[in-house]
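Overview (structure and organization)
Single-letter residue listing:
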Amino acid sequence: MKTKFSFLICLLMIFGFCEVKICAAELNNAENQVLLMKKIVVDGTPVCGKKDFCAALLFLTDFYEEQKEYSASLEFCRRLVNIEPSEENKKKEIQLIQKSTYSDYNMQRLYGYSFDNDKNVSGFAFCAILKILIDKDQTEDAEDLFAEYILNQPDFFKKAEIDEIVLAFEKDSSFKGKKPMLAAGLSFVPGMGQFYAHEWKDGLNALILNGSLWAISLYSVWNLNFMDFFFLEMNPDYRFFRGNLYNAQKDVYKYNKKKKIEIWSGVNKILDKRLTLK
């Protein structure tokens, strides 16, 4: 029995070792292919010919896209489009620009693409940058970029879309938002900070809970029952009061964020439609 068991373990170890060797061989083969293609790209068309050069660029574009390294993939694709500007290659380039919206892509380079001669490429890059700036609440930069782009490409957006975006910028600039410190100050009266942030349920809970604890503590102090107050009531009073201040400020941030989302909802729909992968 022990002999059979040992034989089975040996077989499993051999199988595992072979599988690891196969994976390592495949990995080395892929690395060698990448190195070979990079060598062809470095040598250029005079040495290897246009066909092989384009094939190498396409291979590297697809390889880095699979690795989700969109910056490198886009660079090789860009060179491919310059040499072979087919519709398929241009579509590939646009898709990579779209994908870069959702990755930590180099904004400076993306900004360069927004003024590309190809209207589709520049449009997608511009929409990507505009969406990133809006998401980061850098609306002043977004407004400057929008004005500059519309000046150069007045026909990219429809008139209704331009009106929608301009209106959103106006609403955003006039939106002041509620103040977290004011909410904290109002919270010295339990629940008032939450009411200020339009969180009626949280405000009612804070009013009932904190108000009840304060009432019990005041009753103890009024009756000179300091032992109960110091050892049983003061610590919960302090903890709940601190939590009340924190929640009031958190609710204000949530309220401001919600209003910002409402302001930019129409613009985001326009941008998402243009950034949808096809």
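Higher on the page you've got the structure.
As a starting point, this report considers the structure included with it. (Residues numbered from 1 in each chain as written. Predicted model: local features only at pLDDT ≥ 70, side-chain atom pairs only at ≥ 80, totals over all residues. Heavy atoms only, no water.)

1. A word on the nonpolar core
Within the largest apolar cluster, 37 residues are counted, with the highest numbers of intra-cluster contacts made by Ile 97, Phe 126, Leu 130, Phe 146 and Phe 157. Looking at this core, the elements with two or more residues in it are α4 (70-83), α5 (87-100), α6 (107-113), α7 (119-135), α8 (139-152), α9 (159-174) and α13 (226-275). Among the elements that take part in this core, α7 stands out by supplying 11 residues, more than any other. Phe 157 has contacts with Phe 126, Cys 127, Phe 146, Ile 150, Ile 162, Ile 165, Ile 270 and Arg 274, leaving out every residue within four places of it along the chain. Judged by nonpolar contacts, the second largest core, of 10 residues, contains Val 34, Phe 53, Leu 57 and Phe 76. (Core = buried A, V, L, I, M, F, W, Y, C linked by side-chain atoms within 4.5 Å. Buried < 20%, exposed > 50% of the residue type's maximum accessible area, 1.4 Å probe, protein only. Helix = DSSP H or I, 4+ residues; strand = E, 2+ residues; numbered from the N terminus. Contact = heavy atoms within 4.5 Å.)

2. A word on the side chain of Thr 139
Among the structural elements, Thr 139 can be located in helix α8. Under the relative-accessibility criterion, Thr 139 is labelled buried at 12%. Among the polar contacts listed, one links the side chain of Thr 139 to the side chain of Asp 172, at a separation of 2.9 Å. Residues within four places of Thr 139 in sequence aside, it is in contact with Leu 133, Phe 169, Asp 172 and Trp 264. (Polar contact = N/O pair within 3.5 Å; in protein donor to acceptor, adjacent residues only side chain to side chain.)

3. Comments concerning the environment of Asn 152
For Asn 152, the position within the fold is in helix α8. With relative accessibility at 47%, the residue Asn 152 sits in the partly exposed group. Sequence separation between Asn 152 and Phe 115 is 37 residues, and the spatial gap between their C-alpha atoms is 8.5 Å.

4. Section: the pattern of salt bridges
For the structure shown, the criterion picks out nine salt bridges. A salt bridge links Arg 274 to Glu 161; the shortest N-O distance between them is 2.9 Å. On the criterion of sequence distance, the pair formed by Arg 274 in helix α13 and Glu 161 in helix α9 is long-range, its members being 113 residues apart. A relative accessible area of 13% places Glu 161 in the buried class. Its salt-bridge partner being Glu 262, residue Lys 259 comes within 3.6 Å of it at the nearest N-O pair. Pair noted here: Lys 259 and Glu 262 are both in helix α13, with a separation of three residues, about one helical turn. (Salt bridge = Lys/Arg side-chain N within 4 Å of Asp/Glu carboxyl O.)

5. Quick look at a negative patch on the surface
Among the surface-exposed residues, Glu 140, Asp 141, Glu 143, Asp 144, Glu 148 and Glu 170 lie close enough to one another that they form a single negatively charged patch. With five residues, the single largest contributor to the negative patch is α8. Its place among the elements puts Glu 143 in helix α8. Residue class for Glu 143 comes out partly exposed when judged on its relative accessible area of 39%. (Patch = residues over 30% accessible without salt bridge, like charges linked within 9 Å, V, L, I, M, F, W, Y side chains within 5 Å. Areas by Shrake-Rupley, 256 points an atom, 1.4 Å probe, with all protein chains shown as cover. Lys, Arg positive; Asp, Glu negative; His and termini not counted. Charge placed at Lys NZ, Arg CZ, Asp CG, Glu CD.)

Read these as geometric descriptors, not functional statements.
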